[in-house]
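These are the residues of each chain, in order.
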Amino acid sequence: MHLLLCYEVYGDLELCFTLDMEWRTVALTVLIVSLCFFVIPIRVGPDTSDEDIKLFQNYVTRYNKSYKDDPTEYEKRFGRFQRSLRHIEKMNGLRSSQESAYYGLTEFSDMLEDEFLAKTLLPDMPARGQKHTNASYHRWHSSTNRPKRSIAIPLRFDWRDKGVVTAVRSQGSCGACWAFSTVEVAESMFAMKNGTLRPLSVQEMIDCAKNSNFGCEGGDICSLLSWLLVSKVQVLPESTYPLVGKTGTCRLGKTADKTFGVRIKDFTCDSFVDAEDELLVTLATHGPVAAAVNALSWQNYLGGVIQYHCDGSFDNLNHAVQIIGYDKSAAIPHYIIKNSWGTSFGDKGYMYIGIGSNLCGIANQVSSIDVF
C-alpha cells in the first residue's frame, strides 16, 4: 500500500511523507506523530508568587510592621496580603471611568476583612445609633414628606476654601472616630463663628465623655453631643489636653488653662436617606457635619470617587467621618470626606463618595452642630 500522508502539526506547518504499509500501521504511525508534534499553545497566568514576595517585603518595611522578625506571623500576614492583592486587582478592574475609586496597598492590606472590621472599625455602631432614632434631636428627612426648599446652593462647596478645617489627624489603633469627627466639626463651627481656627481636644472626649461612650473602645457622635450639651462641658484646646491615642483618666479640673473652651449650643442627629439634596443644603448653608458610615470597603482605598460596592444600610454602619463639602460639577458628583486615618491614607487623608445613593450609608446618621 502506497500512501502520501500530509499532517498539519501547528498553524501553517505541514508534515508530508509517503507510507508503504498496511492501514493498521498507518493509523499507528499517525498516532505516534500526533503525540510527538501536536502542540497547543496554552495561555498560563503569570506566576505572581515572586512578585508578591517582593511587594510584601517592601510593604513590611514601608509600614514598619511589628511581625517582620516573627516567621510564623510573617507567613500568615503574607497570605492575607496576597488576598488583598487579588481583591485590589478585581476592584480596579470594575472601574467605570478615570474618576472612579481606585485601590492599592494601605497599612490595612495585611488584614482579613473581619479583622479590619474588628480592629479598625466599630461593629456595634448600629446598636448604639438605634437609640437616637426616637430622640428629640433626631429628624427624618424624606423626599415625600418634606416641604420643598428653594435654596440655591453652589455646584461646588469646600469648607477648606474658607480656612475653617483643621489638619487631618490619625486615630491610630484607638477606636474613637466618633470623637475625632465630632470635635472636628466643633472646630469648624467655632472658626466660622469667631474667625479663629484652633485644634480642640479629642483626647478630652476619649477620657471624659460619658453617656455610653467608652474612649478607644467605642462610642457614637449623637451620644457625645448629647453629653456635651447636657453637661455643659467645654471642649478644651488640644494644646491644653493633647492627644495620646489611648484611653486615660479624665483630667478635667486638673488642666492648667481653662480660660478657653468651646461649648455645644445645639445639635441635630438627622437621617437624609432619600433626601441627600437636603444634606447638600445643610453643608453649604450651615457648615461641615459629622456622619456615621460603612467603611468596610475602604480597606485598600487610594483615591477617586466611590460609586459602587459600598453598602449603605443602617445595620452596617461602623465608622464616623467629617463631611467638609461636595462637588456636583465633577464628572461623578461627590461628597468630600475628611477621615481620621492620617495623611498617608486616601488622598492625603481625604476621600470622595458619590452623591445620591446613600453610598457607604453616608446619609443615615448625620450631625450638625452650633457652638458658643
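This text follows the structure it describes.
Values in this document were obtained by computation on a predicted structure and should not be read as measured data.

1. Section: helix H3 (residues 71-93)
Line of reasoning, step 1. With 23 residues, H3 should reach 33 Å at 1.5 Å per residue; the first-to-last C-alpha distance of 33 Å fits that figure.
Line of reasoning, step 2. Turning to H3, its buried residues number three or more, namely Glu73, Arg77, Phe78, Arg80, Phe81, Ser84, Leu85, Ile88 and Met91.
Line of reasoning, step 3. Packed against the buried residues of H3 are helix H2 (49-62), strand S3 (102-103) and helix H4 (113-120).

2. A word on the pattern of salt bridges
Line of reasoning, step 1. Scanning all chains against the criterion turns up 17 salt bridges.
Line of reasoning, step 2. Between Glu184 and Arg169 there is a salt bridge, and its shortest N-O distance comes to 3.5 Å. Highlighted residues: Glu184 in helix H6 (residues 177-194) and Arg169 in the loop between strand S5 (156-158) and H6, separated in sequence by 15 residues. The exposure classification of Glu184 matches that of Arg169, with both residues buried.
Line of reasoning, step 3. The shortest N-O distance in the salt bridge between Glu238 and Arg169 comes to 3.3 Å. Taken as a pair, Glu238 in the loop between helix H8 (221-231) and strand S6 (264-267) and Arg169 in the loop between S5 and H6 lie far apart in primary sequence, 69 residues in all.
Line of reasoning, step 4. Judged by relative accessible area, which is 23%, Glu238 ranks as partly exposed.
Line of reasoning, step 5. The class of Arg169 is buried, set by a relative accessible area of 9%.
Line of reasoning, step 6. Linked by salt bridges that have partners in common, Glu73, Lys76, Arg77, Arg80, Glu115 and Lys119 make up one network.

3. A few points about empty space enclosed by the protein
Line of reasoning, step 1. Per the stated rule, a full pass over the model turns up 1 cavity of 30 Å³ or more.
Line of reasoning, step 2. Reported here for the largest cavity is a volume of approximately 80 Å³.
Line of reasoning, step 3. Classifying every residue of the lining of the largest cavity gives 7 nonpolar, 3 polar and 1 charged.

4. A short note on the layout of surface pockets
Line of reasoning, step 1. One number sums up the size of the largest pocket: a volume of about 380 Å³.
Line of reasoning, step 2. If you go around the largest pocket, you meet 18 residues; those closest to its centre are Lys65, Glu107, Phe108, Met111 and Thr120.
Line of reasoning, step 3. Among the elements that make up the lining of the largest pocket, the one with the highest residue count is H4 (3 residues).
Line of reasoning, step 4. In terms of residue class, the lining of the largest pocket is made up of 5 nonpolar, 7 polar and 6 charged.
Line of reasoning, step 5. If you go around the second largest pocket, you meet 13 residues; those closest to its centre are Ser84, His87, Glu113, Gln299 and Asn300.
Line of reasoning, step 6. Considering every element that reaches the lining of the second largest pocket, the biggest residue donor is H3, with 5 residues.

5. Notes on the pairing of strand S11 (residues 319-327)
Line of reasoning, step 1. By the criterion of burial, S11 is predominantly enclosed, with 9 of the 9 residues buried.
Line of reasoning, step 2. As judged from the 3 bridges shared by S5 and S11, these two strands associate in the antiparallel manner. Paired with Arg156 across the bridge in S11 is Asp327.
Line of reasoning, step 3. Relative to S11, strand S8 (residues 289-293) runs antiparallel, the two sharing 5 bridges. Considered in S11, the bridge of Ala290 is made with Gln322.
Line of reasoning, step 4. Alignment of S11 against strand S12 (residues 334-338), held across 5 bridges, turns out to be antiparallel. Bridging from a neighbouring strand, Tyr326 pairs with Tyr335 of S12.
Line of reasoning, step 5. The antiparallel hairpin formed by S11 and S12 contains 6 residues in its connecting segment.

6. Digging into H8
Line of reasoning, step 1. Taking burial as the measure, the 11 residues of H8 include 8 buried ones, the bulk of the element.
Line of reasoning, step 2. Along H8, the residues classified as buried are Ile221, Cys222, Ser223, Leu224, Leu225, Ser226, Trp227 and Leu228.
Line of reasoning, step 3. The opening residue of H8 is Asp220, an N-cap whose side-chain oxygen sits 3.2 Å from the backbone nitrogen of Cys222.
Line of reasoning, step 4. Remark: Lys232 follows H8 within two positions and exhibits a positive phi of approximately 60°.

7. A closer look at the nonpolar core
Line of reasoning, step 1. In terms of nonpolar packing, the biggest core is built from 47 residues, with Trp298, Tyr301, Ile306, Ile323 and Ile362 touching the most fellow members.
Line of reasoning, step 2. Only H3, helix H9 (276-285), S8, strand S10 (305-306), S11, S12 and strand S13 (350-354) provide two or more residues apiece to this core.
Line of reasoning, step 3. For Ile306, the contacting residues outside a window of four places in its chain are Ala101, Tyr103, Trp298, Tyr301, Met351, Tyr352, Ile353, Gly354, Leu359 and Cys360.
Line of reasoning, step 4. With 43 residues, the next largest nonpolar core counts Leu122, Cys174, Val262 and Ala290 among its residues.

8. Topic: unusual backbone geometry
Line of reasoning, step 1. Even without being glycine, His309 reaches a positive phi, approximately 55°.
Line of reasoning, step 2. With respect to the helices and strands, His309 occurs in the loop between S10 and S11.
Line of reasoning, step 3. Note on His309: relative accessible area 46%, which makes it partly exposed.
Line of reasoning, step 4. At Cys360, a residue that is not glycine, the phi angle is positive and equals roughly 60°.
Line of reasoning, step 5. Along the polypeptide, Cys360 turns up in the loop between S13 and strand S14 (366-367).
Line of reasoning, step 6. Since its relative accessible area comes to 0%, Cys360 is described here as buried.

Calculation criteria
- Residues numbered from 1 in each chain as written.
- Predicted model: local features only at pLDDT ≥ 70, side-chain atom pairs only at ≥ 80, totals over all residues.
- Heavy atoms only, no water.
- Helix = DSSP H or I, 4+ residues; strand = E, 2+ residues; numbered from the N terminus.
- Expected span 1.5 Å × (residues − 1).
- Buried < 20%, exposed > 50% of the residue type's maximum accessible area, 1.4 Å probe, protein only.
- Contact = heavy atoms within 4.5 Å.
- Salt bridge = Lys/Arg side-chain N within 4 Å of Asp/Glu carboxyl O.
- 1 Å grid on protein atoms, 1.4 Å probe; cavity = no way out; pocket = protein on both sides within 12 Å on 5 of 7 lines; lining within 4 Å.
- Points joined across faces, edges and corners; volume = space filled by probe spheres on them.
- Nonpolar A, V, L, I, M, F, W, Y, C, P; charged D, E, K, R; others polar.
- Pairing = 2+ DSSP bridges.
- Polar contact = N/O pair within 3.5 Å; in protein donor to acceptor, adjacent residues only side chain to side chain.
- Core = buried A, V, L, I, M, F, W, Y, C linked by side-chain atoms within 4.5 Å.

Nothing here speaks to function; it is all geometry.
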